[in-house]
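# Geometric and topological summary
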Amino acid sequence: MTINQSGWRPEMTGAQSQAPATSTGNKALMLEEPLIFEIGDETTTGVDLSAQTTGAASRLGGLARSAPIGLPGLSEPETVRHYTRLSRQNYAIDLGLFPLGSCTMKHNPRLNERMARLPGFADVHPLQPVDTVQGALGVINELAFWLMELTGMHGVAMSPKAGAHGELCGILCIKAALEKRGEGQRKVILVPESAHGTNPATAAFAGFTVENIPATTEGRVDTDALEARLGPDVAGVMITNPNTCGLFERDMKRISDAVHAVGGYVYCDGANFNAIVGRVRPGDLGIDAMHINLHKTFSTPHGGGGPGSGPTVLSEALSPFGPLPFTARYQDGHIGLIEEETAGEDHPDSFGRMTAFHGQMGMFTRALTYILSHGADGLRQVAEDAVLNANYVLRSLEGTLDAPFAHSGPCMHEALFSDDGLPDGFSTLDIAKGLIDEGFHPMTVYFPLVVHGAMLVEPTETESKAALDQFIAALRSVAERAKAADASLKTAPHFAPRARLDETAAARKPVLVWKERTPTAQAAE
Ligand SMILES: *Cc1c(COP(=O)(O)O)cnc(C)c1O
C-alpha cells in the first residue's frame, strides 16, 4: 500500500460518502455484527449433551432452575463468526502502527507467546506445593533479578498487576516506612503537572494529600518550585520520568537529594522505561520506588483492558516494607516462597499483601523471554531506536503541526504536538478521527493536560522507517485538510463501522444496559 504524499482524500459531499449503502450494512469485508443478544435465541446451543438418563434422581435439590436462563444461544459456527467479526472491528498492533502515546504499543515477539504457553508455566496452579513448581518460581525469581539489575535497585515486588497497582505498592511502602519512623504525620505527596494522571489518583487513594508542582516552559518539573515546597509535612514526590511531555527530567538526581534531605521519599513512575532501558539506572538517580509496566516495556499484548503486570522496584530503604509473597533462592538452589507463615523472621515489616497470589505468570514468562532474547545490547538498542523513531516523527512534522516543546531539544520516546495553528472550528479531535479513515489508530489526544489540544505520538522501536513514513504522510495529509478547513473532516471517520459519535451524549447519558429494540426505536436510529 502506498499513500500519495500530495494528500489523497476521499471524495465527500458533506457528511455523506457517495458510495451507495448496501442492503446488509456490510462494507465489503467489513461486516456488520449485531449484539449477541440480537442474534442468539435460547433454544440454540453449540454443545451436544446426551439426553438425561431417565430415572436418575436430580442432585440439585431445590436449586434446580425453574425458569429459562435468558441467555442467547448460538451454534458453534455462529459463535465463532460472532467473535471473529467483532475482533475484526478492532484495531491491533498486529494490523498496523499503533501510535498511542504513553502506552508503548509495540510488536510482541511470538517467541514470548511460545514460552508463556509451555504447560509448566501456563497450567500451574498458585496453590501447588512449591516443590512441584520450582521452574515457574525460578522464572519469577530470575525476572526479579534482571529487573533489579536493569534499574540498579535493591528489591522488587513482583505481585502488582498493572502500572497503577505498582504505584499503589510503592506508595504503601512509603507509608509503612514513614509509620515505622513515627512520622505518619507526613501527609503531602507532591506531583508535578507533567505526571501521569494515575499518580495523583494513587496518592489520594492511599490517603495522602496531593499538591501540584508546576511545569516550566520547557515542559519539565519546575525544580525551584518543588524545592521551595519541601518540608516536614511532605511524605514524598511522584515523578514520571521520562515525563508525559516526552522529555527526560534532567534534574532527577537533584530532586531526589533535596527530597531525601527533608526526610521524604521519591516515587518514579517508570511506565516510560522503554525510552531509557539499558541506558539509565533509576537507582543511580536516587529513586526509592518505581513500577515497571511489563506490558509496555517488556512486551505483552495489551490494550483493551489487559492483561498487565507492574512489578515495583524498591530502594534499600523501602525494600523491608515490600508486599508478600515473594520468592527467595536458597543456597542449595531451591526456590522458596516467603509468605505470612515465614515472613515473621525474614520480612517483619511488610505492609501486607496486594494480590491473592504471586502475580501474572504469563507476563513474567513473556518479559523474561523478551529480556533474555534481547540481551543487554538489544535492550539498550530498544531505548535508542524508540527515541530515534519519536524524534524522526517530531522533526518530520515540523511546519505541519505545532510542537510546543520542540525547542527543549530532542524528545524521548514520544513526540508531543498541540492544536495551535488549526483554524477556528477544527480541533485535535478532527485530526484523530481523520486518522481513523486513513487506517491508523489515533494517537493519545488531550493528554498531557499541560498542552492545549495535545496529540502524543509514541511510535516505538518496532516500526520500520517505511512504516513511520507512511504514518507521517497520513498525519500530514489529515493536518493539512484541517488547516484548509476541509468540512468533510468534521464528520470523519467516514469509512469506519461507525461514523462520528456524539461523545458528549455518550459520556453524559451512557446506555449501559442492553434493551430489546422496538421496531420504532430501530426506525428512529
Ligand atoms: C500506562 C501508564 C500508567 C498506568 O499503567 P497501567 O498498567 O495502565 O495501570 C502509569 N503511568 C504512565 C506514565 C503510563 O504510561
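Please read all numbers here as calculations on a predicted model, not as lab measurements.

### Looking at the overall build of the chain
From N to C terminus, the chain includes 16 helices and 14 strands. Its C-alpha atoms give the chain a radius of gyration of 26 Å, within 12% of the compact-globule value 24 Å for 525 residues. The principal-axis extents of the C-alpha atoms in the chain amount to approximately 80 × 70 × 45 Å. Partitioning the contacts of the chain with sequence separation of at least 6, the portion at a separation of at least 24 is 73%. Carbon and sulfur atoms form 56% of the exposed surface of the chain, whose accessible area is close to 25800 Å². Here the chain holds 42 positive side-chain charges and 61 negative ones, and the gap between their average locations is 3 Å.

### Some points on unusual backbone geometry
Omega for the peptide link from Leu 324 to Pro 325 comes to -10°, which places this bond in the cis form. Among the structural elements, Pro 325 can be located in the loop between strand E9 (312-314) and strand E10 (326-329). Of note, the phi angle at Ala 485 is positive, near 55°, even though the residue is not glycine. Relative to the elements of secondary structure, Ala 485 occurs in the loop between helix H14 (465-483) and helix H15 (503-508). Under the relative-accessibility criterion, Ala 485 is labelled partly exposed at 40%.

### Structural notes on the site of the ligand
Taken together, 14 residues sit near the ligand, with Ser 102, Gly 163, Asp 269, His 295 and Lys 296 positioned nearest. Gly 163 places a polar main-chain atom, nitrogen or oxygen, 2.7 Å from an oxygen atom of the ligand. One of the backbone N or O atoms of Ala 164 is found 2.8 Å from an oxygen atom in the ligand. Taken together, the elements giving at least two residues each to the shell around the ligand come down to helix H6 (163-180) and helix H10 (294-297).

### What to know about the pairing of strand E4 (residues 188-192)
Here E4 lies mainly inside the structure; five of its five residues are buried. Side chains Val 188, Leu 190 and Pro 192 of E4 all project onto a buried face; the interleaved residues Ile 189 and Val 191 project onto the opposite face, where all are buried too. Note that E4 and strand E5 (residues 209-213) share five bridges and pair parallel. Counted as the bridge partner of Val 191 is Asn 212 from E5.

### Overview of the domain arrangement of the chain
It is common to report an interface's size as the accessible area lost on association of the parts. One can read the domain layout of the chain as domain 1 (111-369) and domain 2 (376-508). For domain 1 versus domain 2, the distance between C-alpha centres works out to 30 Å. Of the residues lining the interface, 25 residues belong to domain 1; the matching set on domain 2 comes to 21 residues. Overall, the association of domain 1 and domain 2 removes approximately 1800 Å² of surface from exposure, summing both partners, and the carbon and sulfur fraction of that is 62%. Across the domain 1-domain 2 interface, the total number found is one salt bridge. Between Glu 384 and Arg 279 there is a salt bridge, with its nearest N and O atoms 2.9 Å apart. At the surface where domain 1 touches domain 2, the tally comes to six residue pairs in polar contact (both at pLDDT 80 or more). Grouping the amino acids of the side of domain 1 that touches domain 2 by side-chain chemistry returns 10 nonpolar, 10 polar and five charged.

### Examining the nonpolar core
Soluble globular proteins tend to bury their nonpolar side chains together. The biggest cluster of nonpolar side chains holds 55 residues, and the ones touching the most others in it are Leu 143, Leu 147, Leu 226, Leu 294 and Phe 298. Mapped onto this core, the elements with two or more residues apiece are helix H5 (134-151), E4, strand E6 (234-240), helix H9 (252-261), strand E7 (265-269), strand E11 (335-338) and helix H12 (361-396). When residues in this core are grouped by element, the largest group, 11 residues, is from H12. Summarising the domain contributions, this core has at least three residues from each of domain 1 (111-369) and domain 2 (376-508). If you look at the next biggest cluster of nonpolar residues, it comprises 34 residues, including Ala 390, Phe 426, Phe 471 and Ala 492.

### Side note on the environment of Asp 486
Structurally, Asp 486 is set in the loop between H14 and H15. Distance from Asp 486 to Gly 182, taken between C-alpha atoms, is 63 Å for residues 304 residues apart in sequence.

### Here we look at the UniProt feature "domain: Aminotransferase class V" (unreviewed entry) in the chain
In this numbering, the UniProt entry assigns the feature "domain: Aminotransferase class V" (unreviewed entry) to residues 184-303. Counting secondary structure, residues 184-303 comes out at 24% helix and 21% strand; the distance between its end C-alpha atoms is 37 Å.

### Some words on the environment of Gly 399
Inspection of the secondary structure puts Gly 399 in the loop between H12 and strand E12 (415-417). Among the residues examined, Gly 399 registers a relative accessible area of 73% and is labelled exposed. Linking Gly 399 and Arg 476, residues 77 residues apart in sequence, is a C-alpha distance of 9.8 Å.

### Some details on the pairing of E6
Counting buried positions along E6 yields seven of seven residues, so the element is predominantly enclosed. As judged from the three bridges shared by E4 and E6, these two strands associate in the parallel manner. Within E6, the position partnered with Val 188 by the bridge is Val 234. With five bridges joining them, E6 and E7 adopt parallel strand pairing. Bridge pairing links Thr 240 to Asp 269 in E7. In this fold, the crossover linking E6 to E7 by way of H9 has right-handed handedness.

### Section: the packing of H6 against helix H7 (residues 198-205)
The N-to-C vectors of H6 and H7 enclose an angle of 45°; their axes lie 9 Å apart at closest approach. Taken as axis vectors, H6 and H7 run oblique relative to one another. The handedness of the crossing between H6 and H7 comes out as right-handed. Residues Ala 164, Glu 167, Leu 168 and Ile 171 of H6 pack against Thr 198, Asn 199, Thr 202 and Phe 205 of H7. Each residue belonging to the contact of H6 with H7 can be placed in one class, and the counts come to four nonpolar, three polar and one charged.

### A closer look at the sheet that holds E4
Taken in spatial order, the seven strands line up as E3-E9-E8-E7-E6-E4-E5 in an open sheet, and their pairing is mixed. Sheet topology places strand E3 (155-157) and E5 at the edges, where each strand pairs with a single neighbour. Sheet twist, expressed as the mean angle between neighbouring strand axes with direction ignored, is 25°. Here H5 sits on the sheet and contacts E3, strand E8 (289-291) and E9; the angle it forms with E3, its principal contact strand, is near 125°. Strand contacts of H7: E4, E5, E6 and E7, with the helix running at about 155° to E6, the strand carrying the most contacts.

So, how was this worked out
- Residues numbered from 1 in each chain as written.
- Predicted model: local features only at pLDDT ≥ 70, side-chain atom pairs only at ≥ 80, totals over all residues.
- Heavy atoms only, no water.
- Helix = DSSP H or I, 4+ residues; strand = E, 2+ residues; numbered from the N terminus.
- Rg over C-alpha atoms; globule rule 2.2 N^0.38 Å.
- Contact = heavy atoms within 4.5 Å.
- Areas by Shrake-Rupley, 256 points an atom, 1.4 Å probe, with all protein chains shown as cover.
- Lys, Arg positive; Asp, Glu negative; His and termini not counted.
- Charge placed at Lys NZ, Arg CZ, Asp CG, Glu CD.
- Buried < 20%, exposed > 50% of the residue type's maximum accessible area, 1.4 Å probe, protein only.
- Near = heavy atom within 4 Å.
- Polar contact = N/O pair within 3.5 Å; in protein donor to acceptor, adjacent residues only side chain to side chain.
- Pairing = 2+ DSSP bridges.
- Domains from an automatic or database assignment.
- Buried area = accessible area lost by both parts, 1.4 Å probe.
- Salt bridge = Lys/Arg side-chain N within 4 Å of Asp/Glu carboxyl O.
- Nonpolar A, V, L, I, M, F, W, Y, C, P; charged D, E, K, R; others polar.
- Core = buried A, V, L, I, M, F, W, Y, C linked by side-chain atoms within 4.5 Å.
- UniProt positions renumbered as here; feature names shortened; annotations may be inferred.
- Right-handed = clockwise from strand over helix to strand, strands pointing away.
- Axes fitted to C-alpha atoms, helices over the stretch in contact; angles between N-to-C directions.
- Parallel < 35°, antiparallel > 145°, perpendicular 65-115°, else oblique.
- Left-handed = near helix turned anticlockwise from the far one by under 90°.

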